[in-house]
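If you want the building blocks of each chain, they are given just below.
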Amino acid sequence: MLEAEENQGVVYLIGAGPGDPGLLTLRGRELLMQADIVVYDRLVHPAVLDYARPEALRIYVGKASARHTLTQEEINALLIRHAQEGKRVARLKGGDPFVFGRGGEEAEACRAAGVPYIVVPGITSAIAAPAYAGIPVTHRDAASSFCVITGHERDDGKESGRRTTGSAEGRRDWARLAHAADTLIFLMGVEALPEIVARLQEHGRDPQTPVALVQWGTWPQQRVVSGTLADIVDRIREAGLGPPAVCVVGEVVRLRERLRWFDDPQRQPLFGKRILVTRAREQASSLVELLRIRGAEVLEYPTIRIERLKDTNELDKALQSLNGYAWIVITSVNTVPVIAERLEALQLDARAFSMTKVAAIGPATANALREKLGIRADFVPTEAVAEALIDQWPDSEMRGKRVLLPRAREAREVLPERLRAMGAIVDVIPVYETVAVKLAEAVVENLMTGSIDAITFTASSTVKNLMQALSRGADDLEVRARLRSVCLAAIGPVTGQTLKEYGFEPTIVAEEHTIAGLVKALESYFAQRD
Ligand code: SAH
């Protein structure tokens, strides 16, 4: 309701979650997409910021920024000033805004200034970091309560710097805290760890109580060190583990042995691997998802963007007279939403296809057809390439039959040529085009620092576009040299061949030319290499 009001500024206090961008809430994303200004802290994953509109102003107010001198009062003033100018201001905070995030103070400031605000709770690191370490904060057998405690008496949500030492620490009621719950969870507690473990033991917690520190919980660089109240300080020092970390104290920590998953190399073969996925954003999600659930950190680089062609005249006409076509061939998932949209605009539905057989290039396209149009493909070749489609073409009598082929503006001619050779009358209708996008600086930087482990290529066009984008950069040669030490993974031989044409030997050519096949190939590659 609030966000719809015209010319009325508003502050969205949004919890960005603990790190993993998938842990942002739907509501958070929705409001972020509407924001004119995003004011964000450290510990907010950069991919979360990508949800904001490109033209939205992004203001970093975390530590170690040019604005690191901004006090809480100045941040409050910043939010209020922009909202009073009629802007929608998203205040993005790590974890949950009301768990040691000073979100309460920002809400109070808004209230005092008469600026409307919306609070979107986030997944707090207090629960999520242990969860990603395989530690449930409660468990029927081990703990029936948990308590979240700050390692600092009062904090601004930023590591160190503003630590209030000595007297503040001394004022805490450790006798009460030590027994406040079965599971004790300390945030901002790394520096104060020696003090924390000493006080807990002093006040009667067993020195053998298990303790774990989860650093960068839910991030690809997550690290966990466990021990007991008696030895955790030494272990942390040995491991060189610093902030940001959540410290969990209690019997539940033992469950990690059985429940470890996210950072378990056996279960997560791609854990900690940084993989660049070069696909159009619109079609990237299934690959990205499959890689993420295997623990990879995925950088999405839309080397190509799918743009629908504005002129839909030809397509509209064809859809209105689909009856006249014996076959329609769908060669990409990208075609499906275009057709869905045009059917809707023409007030047609799946019945338009009743006289026409449908061929889909591969399982993903067939799925999209089923999901978006409610249509089952009559034919899907065993391999998702044009050659297989035509080799396995099920209709032996094509003479005089009409085939509709809606597809990308720039595509190979194999299909129409071979269908025509079979005697078919083929209408090729370009419905979208792939547009190369400027190579994001972050990607180049990651390449240059050697922090990308693999790059996936799911179509020849992704190779071409990445190469073109690279050749426009100033450090072309250096970047190309770096590319040679990265695993270049092609979905199939055609894409692999395109890599070769650019002078790069594909490290992987998936045996099964599907997204799943590509993921499988990456898994075995890293399993063998590590
Ligand atoms: N509002 C945040 C907490 C802000 S205080 C939340 O709900 O999570 C900052 C502290 O949170 C850090 O010092 C650290 O203790 C903890 N923290 C935040 N993100 C973390 C992460 N990904 N892994 C481990 N600890 C994290």
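Under an unreviewed UniProt entry, the name given to the protein is uroporphyrinogen-III C-methyltransferase, and the source organism is Chthonomonas calidirosea.

A separate point is the overall build of the protein. Scanning the protein for helices and strands turns up 21 helices and 20 strands. Along the three orthogonal principal directions, the C-alpha set of the protein runs to about 90 × 60 × 50 Å. In the protein, buried positions account for 52% of the 530 residues. Put simply, of all contacts in the protein between residues at least 6 apart along the chain, 67% involve residues at least 24 apart. Element-wise, carbon and sulfur atoms account for 49% of the exposed surface of the protein, whose accessible area totals about 24,500 Å². Each charge sign in the protein was given a centre, from 65 positive and 70 negative side chains, and these centres are 1 Å apart.

All right, on to the sheet that holds strand β3 (residues 57-60) then. Here we have five strands laid out as an open sheet, ordered β3-β2-β4-β1-β5, and parallel in their pairing. Each edge of the sheet is formed by a strand with only one pairing partner; in this case those strands are β3 and β5 (117-120). In this sheet, neighbouring strand axes are inclined to one another by 15 degrees on average, regardless of whether the strands run parallel or antiparallel. Sheet topology places strand β1 (residues 10-15) next to β5; four bridges connect them, and they run parallel. Residue Y12 lies in a different strand from β5, and its bridge partner there is I118.

A complete count under the given rule lists ten aromatic pairs for this structure. Every member of this aromatic cluster is reached through a ring pair, and the members are Y132, W261, F262 and F271. Over the ring of Y325 we find R402; its NZ or CZ atom is 4.4 Å from the centre of that ring.

Attention now moves to the nonpolar core. One finds L322, I328, I339 and F353 to be the most contacted residues of the largest nonpolar core, which totals 27 residues. Beyond its immediate sequence surroundings of up to four residues, I339 is in contact with L319, I328, I330, F353, L373 and P406. Of all hydrophobic cores here, the second largest spans 25 residues; its members include C147, I196, V211 and L229.

Looking now at the packing of helix α8 (residues 193-202) against helix α9 (residues 232-239). Axis separation between α8 and α9 bottoms out at 9 Å; the angle between their running directions is 165 degrees. The angle between the axes of α8 and α9 places the two elements in the roughly antiparallel class. Considering how the two elements wind past one another, α8 and α9 form a crossing that is right-handed. Two secondary-structure elements touch here, α8 through L193, P194 and V197 and α9 through I232, V233 and I236.

Pairing within the open sheet is parallel, and its five strands lie in the order β12-β11-β18-β19-β20. In this open sheet, the two strands that pair with only one neighbour each are β12 (297-301) and β20 (508-509). Note: strand β11 (residues 274-278) against β12, five bridges, orientation parallel. When the bridges of β12 are listed, I275 appears paired with V298.

Glancing now at the packing of helix α17 (residues 441-448) against helix α19 (residues 476-483). The geometry of α17 relative to α19 is characterised by a closest axis approach of 9 Å and an angle of 60 degrees between their N-to-C directions. With respect to each other, α17 and α19 are oriented oblique. α17 and α19 meet at a crossing whose hand is left-handed. In contact with V444, L447 and M448 of α17, α19 contributes E478, V479, R482 and L483. Its residues placed into classes, the contact of α17 with α19 shows five nonpolar, no polar and two charged.

For the rest of this paragraph, the subject is unusual backbone geometry. Of note, the bond from P243 into P244 is cis; its omega dihedral lies within 30 degrees of zero at 0 degrees. Structurally, P244 can be placed in the loop between α9 and β10 (245-249). Even without a glycine there, the phi angle at M188 is positive, about 55 degrees. Of note in the backbone geometry, T218 takes a positive phi value of approximately 75 degrees without being a glycine.

What counts and how
- Residues numbered from 1 in each chain as written.
- Predicted model: local features only at pLDDT ≥ 70, side-chain atom pairs only at ≥ 80, totals over all residues.
- Heavy atoms only, no water.
- Helix = DSSP H or I, 4+ residues; strand = E, 2+ residues; numbered from the N terminus.
- Buried < 20%, exposed > 50% of the residue type's maximum accessible area, 1.4 Å probe, protein only.
- Contact = heavy atoms within 4.5 Å.
- Areas by Shrake-Rupley, 256 points an atom, 1.4 Å probe, with all protein chains shown as cover.
- Lys, Arg positive; Asp, Glu negative; His and termini not counted.
- Charge placed at Lys NZ, Arg CZ, Asp CG, Glu CD.
- Pairing = 2+ DSSP bridges.
- Axes fitted to C-alpha atoms, helices over the stretch in contact; angles between N-to-C directions.
- Phe/Tyr/Trp six-rings, centres within 6.5 Å; stacked < 30°, edge-to-face > 60°.
- Lys NZ or Arg CZ within 6 Å of the ring centre and 35° of its normal.
- Core = buried A, V, L, I, M, F, W, Y, C linked by side-chain atoms within 4.5 Å.
- Parallel < 35°, antiparallel > 145°, perpendicular 65-115°, else oblique.
- Left-handed = near helix turned anticlockwise from the far one by under 90°.
- Nonpolar A, V, L, I, M, F, W, Y, C, P; charged D, E, K, R; others polar.

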